[in-house]
Amino acid sequence: MTLPGLHDPLLLLYVGLVVDALFGEMKPLFRSVPHPVILAGRAIGWFERHLNRPERRDWARRVLGVMTVIVLVGLTAGLGWSLHILCRMSFAGAAVEAFAVAVLLAQRSLFDHVAAVSSALLYEGLASGRVAVSRIVGRDPLTLDAPGVARAAIESLAENFSDGVVAPACWYVALGLPGLFAYKMANTLDSMIGHKSQRYRAFGWAAARLDDVLNLAPAPLTGILIAVAALLGRDSSGRTSLWVMLRDGRKHHSPNAGWPEAAMAGALGLALAGPRHYLDGVVEDPFLGDGTPVATVSDINRALRLYFRACVILAGLVIGAWMARHIMQPW
C-alpha cells in the first residue's frame with residue numbers, strides 16, 4: 001500500500017526539481033549510459049540524414065519532416081506511457097518516475113552553463129567568454145563583443161528557463177510522463193532541425209511549428225515567474241519586468257521567446273534581443289526593454305540570482321499545490 005498522493009505528478013515533479021537542483025546533469029552516470037536527450041538527438045539525426053536529402057523538392061521534404069515529427073513524438077509519448085504503467089503501483093516506481101523527471105529538466109545545468117559564461121568573461125577574457133556562450137546559443141560568437149556575450153547569456157537563461165524547466169514541468173503536470181517525453185522530443189527536434197536555413201527550412205517546418213504551439217502557455221508563465229522573482233530582489237524591478245513583458249513580449253521574431261526575455265530585460269533594466277548574427281544570417285529584432293544594451297558580468301550574475309529565485313518560486317508553487325490537494329483534504 002502506498003500513501004495517498006504518492007504518485008501525484010505534482011509531488012513527483014517537486015522531487016524531480018529538487019533532485020535536478022542538487023545533482024544537475026549527473027555526468028558520472030551518463031558517462032556510461034547515454035542521456036535520453038542524446039538518444040533523441042541520434043534518432044533525429046538518423047531521420048534527417050535519410051529523409052532530408054537536398055535533391056528532393058521542398059514539398060516532399062516538408063511532408064517527410066511532418067512524418068518525422070509524428071513518428072518520433074509518438075514513439076516517445078508511447079515510451080512515456082509504458083514507463084508510467086510500470087511505475088504507477090509502488091514506491092520504487094514513484095522514485096523511478098521522479099528520477100526520470102529530474103533527468104529531463106534542465107534547471108541546474110542551465111544555471112551552470114550561464115555561470116560558466118560569467119566566470120569565463122571575468123577571469124579569462126572575451127575569447128573564453130565567446131567559447132562558453134557558444135555552448136548555449138546558436139549565434140555566431142565571433143560577432144560578439146563582451147556586452148554581446150553577456151546579453152546572449154542572459155537571453156539564453158530567460159528563454160531556456162521556459163524551454164528547459166517551465167514547459168516540461170507544465171506538460172508533465174498536464175499529461176504525465178507521456179507529455180513530458182513528447183515535449184522533450186519536440187523541443188529537441190526544434191533545436192536540431194527547426195531552423196530557417198536552406199537545409200532545414202522545409203524539413204524542419206513541422207518541428208518548429210509544434211514547438212511554438214507547445215510553448216504558447218509556458219512562455220508567458222515563465223515571464224510571470226521572472227516578474228514575481230524580481231519583486232523579491234533588491235537588484236531587480238518586478239513592476240518594470242511585468243510592464244515590459246506585456247508591452248514587448250510579442251515583438252520578438254519567436255512567438256514565445258519574447259515573453260521571458262522581455263520580463264528579464266525589464267527586471268534588470270537592460271535592452272535584450274535586438275539584431276543578432278547567426279551562422280545562417282542576421283535576425284533583425286527590435287530591442288526588448290528600455291535599458292542599456294551594454295550588459296556586464298554583474299548583469300549575468302544578477303540574472304542568475306533572479307533565475308534562482310524564480311526556480312524556488314516554481315518549486316514552492318508545485319509543492320503548495322500538492323499539499324492543497326492531499327494534505328489539507330481529509331483522506
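Anything mentioned here points back to the structure above.
Predicted, not measured: the structure shown is a model, and the values here were computed from it.

So, about the overall build of the chain. Scanning the chain from terminus to terminus reveals 13 helices and two strands. For the chain, the C-alpha radius of gyration of 20 Å lies close to 20 Å, the compact-globule estimate for 331 residues. Each principal axis of the C-alpha distribution contributes one length, and for the chain these read about 60 × 55 × 40 Å. Looking at the chain residue by residue over its 331 residues, the buried ones come to 51%.

Together, Leu221, Ile224, Val228, Leu242 and Leu246 make up a nonpolar patch on the protein surface, roughly 380 Å² of accessible area in all. Contributions of two or more residues to the nonpolar patch are made by helix H10 (218–231) and helix H11 (238–248). With three residues, the top contributor of residues to the nonpolar patch is H10. One can find Ile224 in helix H10. The class for Ile224 is partly exposed, based on a relative accessible area of 40%.

This part takes up the pattern of salt bridges. Tallied over the entire structure, the rule returns 14 salt bridges. In this structure, Arg209 engages Asp212 in a salt bridge whose closest nitrogen and oxygen atoms are separated by 3.2 Å. Residue Arg209 and its partner Asp212 are located together in helix H9 (residues 205–214), separated by three residues, close to a single helical turn. Across the pair Lys251 and Asp248 runs a salt bridge whose closest N-O atoms are separated by 2.9 Å. Members of the salt-bridge network, linked through shared partners, are Arg247, Asp248, Lys251 and Asp290.

Within the element layout of this structure, Asp8 appears in the segment before helix H1 (9–23). Setting aside its immediate chain neighbours within four residues, Asp8 contacts Trp322, Arg325 and His326.

Let us look at the nonpolar core. In terms of nonpolar packing, the biggest core is built from 67 residues, with Val133, Ile154, Phe161, Met264 and Ile300 touching the most fellow members. Going through the elements one at a time, H1, helix H5 (91–103), helix H6 (107–124), helix H7 (126–134), helix H8 (146–193), H10, helix H12 (258–268) and helix H13 (297–326) are the ones with two or more residues in this core. With 15 residues, H8 is the largest single contributor of residues to this core. Counting residues in hydrophobic clusters, the runner-up holds 19 residues, among them Phe47, Leu64, Leu72 and Leu189.

Let us look at the packing of H6 against H8. Interhelical geometry of H6 versus H8 gives an angle of 175° and a closest axis separation of 10 Å. In terms of orientation, H6 lies roughly antiparallel with respect to H8. Between H6 and H8, the contacting residues are Gln107, Leu110, Val114, Val117 and Leu121 on the first element and Ala146, Val149, Ala150, Ala153, Ser156, Leu157, Asn160, Phe161 and Val165 on the second. Of the residues that constitute the contact of H6 with H8, the class distribution is eleven nonpolar, three polar and no charged.

In this section: H10. The first and last C-alpha atoms of H10 sit 20 Å apart over 14 residues, in line with the 20 Å expected at 1.5 Å per residue. Inspection of H10 places Pro218, Ala219, Thr222, Gly223, Leu225, Ile226, Ala227, Ala229 and Ala230 among the buried residues, and these make up the whole buried set. Tucked into the core, H10 has its buried residues touching H8, H9, H11, H12 and H13.

Let us look at the packing of aromatic side chains. Applying the stated criterion to the full structure yields two aromatic pairs. Centroid distance Trp46 to Phe47: 5.3 Å. Interplanar angle 75°. Geometry classified as edge-to-face. By relative accessible area, Trp46 is classed as partly exposed at 44%. Residue classification places Phe47 among the buried positions, given a relative accessible area of 18%.

Of the residues making up H7, those classed as buried are Gly129, Ala132 and Val133. The buried residues of H7 occupy an angular sector of 95° when the element is viewed end-on, so they sit on one face. Among the structural elements, H6 and H8 are those in contact with the buried residues of H7.

Attention now goes to the packing of H10 against H13. For the pair H10 and H13, interaxial distance at closest approach is 8 Å and the crossing angle is 110°. Regarding the angle of H10 to H13, the classification is roughly perpendicular. Residues Leu225, Ile226, Val228, Ala229 and Ala230 of H10 pack against Leu306, Arg309, Ala310, Ile313, Leu314 and Leu317 of H13. In the contact of H10 with H13, the residues fall into ten nonpolar, no polar and one charged.

Thresholds, definitions, all that
- Residues numbered from 1 in each chain as written.
- Predicted model: local features only at pLDDT ≥ 70, side-chain atom pairs only at ≥ 80, totals over all residues.
- Heavy atoms only, no water.
- Helix = DSSP H or I, 4+ residues; strand = E, 2+ residues; numbered from the N terminus.
- Rg over C-alpha atoms; globule rule 2.2 N^0.38 Å.
- Buried < 20%, exposed > 50% of the residue type's maximum accessible area, 1.4 Å probe, protein only.
- Patch = residues over 30% accessible without salt bridge, like charges linked within 9 Å, V, L, I, M, F, W, Y side chains within 5 Å.
- Areas by Shrake-Rupley, 256 points an atom, 1.4 Å probe, with all protein chains shown as cover.
- Salt bridge = Lys/Arg side-chain N within 4 Å of Asp/Glu carboxyl O.
- Contact = heavy atoms within 4.5 Å.
- Core = buried A, V, L, I, M, F, W, Y, C linked by side-chain atoms within 4.5 Å.
- Axes fitted to C-alpha atoms, helices over the stretch in contact; angles between N-to-C directions.
- Parallel < 35°, antiparallel > 145°, perpendicular 65-115°, else oblique.
- Nonpolar A, V, L, I, M, F, W, Y, C, P; charged D, E, K, R; others polar.
- Expected span 1.5 Å × (residues − 1).
- Phe/Tyr/Trp six-rings, centres within 6.5 Å; stacked < 30°, edge-to-face > 60°.
- Arc of directions from axis to C-beta.

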